Amino acid sequence: MELGLLYSGGKDSTLAALLLEEFYDVTLVTAHFGISDDWKHARETADRADFAFERLECDPDVAREAVDRIREDGFPRNGIQLVHKHALERLAARKFDAIADGTRRDDRVPTVSRAQAQSLEDRHDVDYIAPLSGFGRSAVDRLVEARLDVIVGPSEVIDRADYEAELRATIAEEDGPRAVAEYFPDHDQTYVTDVR
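Just so it is clear, the structure is predicted and the values come from calculations on it, not from any experiment. (Residues numbered from 1 in each chain as written. Predicted model: local features only at pLDDT ≥ 70, side-chain atom pairs only at ≥ 80, totals over all residues. Heavy atoms only, no water.)

**Q** What is the right way to look at helix 7 (residues 163-175) in this model?
**A** In an α-helix, one full turn covers 3.6 residues, which means residues spaced three or four apart are oriented alike. With 13 residues, helix 7 ought to run about 18 Å at 1.5 Å a step, and its terminal C-alpha atoms sit 18 Å apart, in line with that. By the burial criterion, the buried members of helix 7 are Tyr163, Glu164, Ala165, Glu166, Leu167, Arg168, Thr170 and Ile171. Looking one or two places after helix 7, you find glycine 176, whose phi comes out positive at around 95°. (Helix = DSSP H or I, 4+ residues; strand = E, 2+ residues; numbered from the N terminus. Expected span 1.5 Å × (residues − 1). Buried < 20%, exposed > 50% of the residue type's maximum accessible area, 1.4 Å probe, protein only.)

Pasting the structure below:
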């Protein structure tokens with residue numbers, strides 16, 4: 001069975017791929033809006049982990065709407081949630097038997113409710129799988145420590161291919177680099193450099 005996994009090159013989506021590869025032919029799929037070429041970071045990690053890789057081109061109007069929402073709200077949650085929903089819809093419309101992401105039990109964003117998952121499955125005749133949904137952060141960190149080499153650091157310095165990077169780039173370009181800090185709280189990101 002073919003599975004497409006939304007992939008950023010970070011620890012959660014890489015761990016999700018490792019958990020699923022025993023049961024599916026996994027293709028790592030990085031969603032992007034064409035704002036930057038950050039998707040290349042995910043491709044590099046996919047190559048190191050020996051997974052097939054594809055890009056998923058998303059609608060730039062959705063990125064625009066997400067940025068507007070972030071500005072209105074003063075925080076990124078709803079904008080990132082909008083982008084994740086759009087990416088899942090685009091992925092579900094592809095050729096895969098199943099789709100997945102790296103969302104964890106304790107993630108604040110993005111999240112997928114049971115109703116959203118069921119709707120995706122019903123409308124697209126695809127299985128939605130969240131292999132980390134039963135894992136909290138400490139459990140994920142222990143599994144990652146056993147299998148992955150990871151760089152951890154502030155969002156603004158870690159190479160990655162997630163939605164946040166392109167949304168940050170848009171805000172920085174339009175409002176200046178300092179504006180990014182007004183909307184995005186300081187937090188660490190991860191980038192997988194090797195799979196053991």
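**Q** Just checking my understanding: could you explain the side chain of arginine 104 for this structure?
**A** Tracing the backbone through its elements, the reader meets arginine 104 in the loop between strand 4 (98-100) and helix 5 (114-124). On the accessibility criterion, arginine 104 (14% relative accessible area) is buried. Polar side-chain contacts of arginine 104 include one of 2.8 Å to the side chain of aspartate 12. In terms of polar contacts, arginine 104 uses its side chain to reach the side chain of aspartate 106, at 3.0 Å. If we skip the residues at most four places from it in the chain, arginine 104 touches Asp12, Leu132, Ser133, Phe135, Gly136, Arg137 and Val140. (Polar contact = N/O pair within 3.5 Å; in protein donor to acceptor, adjacent residues only side chain to side chain. Contact = heavy atoms within 4.5 Å.)

**Q** Honestly, the environment of aspartate 12 in this entry has me stumped. Any pointers?
**A** Position of aspartate 12 relative to the elements: it lies in helix 1 (residues 11-20). You can call aspartate 12 buried: its relative accessible area is 15%. Ignoring any residue separated from it by four or fewer positions in sequence, one finds aspartate 12 in contact with Gly102, Arg104, Leu132 and Val140.

**Q** What is the right way to look at the sheet that holds strand 3 (residues 52-57) in this model?
**A** Consider a sheet: its strands pair through backbone hydrogen bonds, and that pairing is either parallel or antiparallel. In space, the five strands of this open sheet follow the order 3-2-1-4-5, with parallel pairing throughout. Here the strands that pair on one side only, and so sit at the sheet edges, are strand 3 and strand 5 (127-129). Neighbour-to-neighbour, the strand axes of this sheet turn through a mean angle of 30°, independent of strand direction. Relative to strand 2 (residues 25-32), strand 1 (residues 2-6) runs parallel, the two being bridged by five bridges. Within strand 2, the residue paired with leucine 5 across the bridge is leucine 28. Each of strand 1, strand 2, strand 3, strand 4 and strand 5 touches helix 4 (residues 77-92); the most contacted strand, strand 1, lies at about 160° to it. (Pairing = 2+ DSSP bridges. Axes fitted to C-alpha atoms, helices over the stretch in contact; angles between N-to-C directions.)

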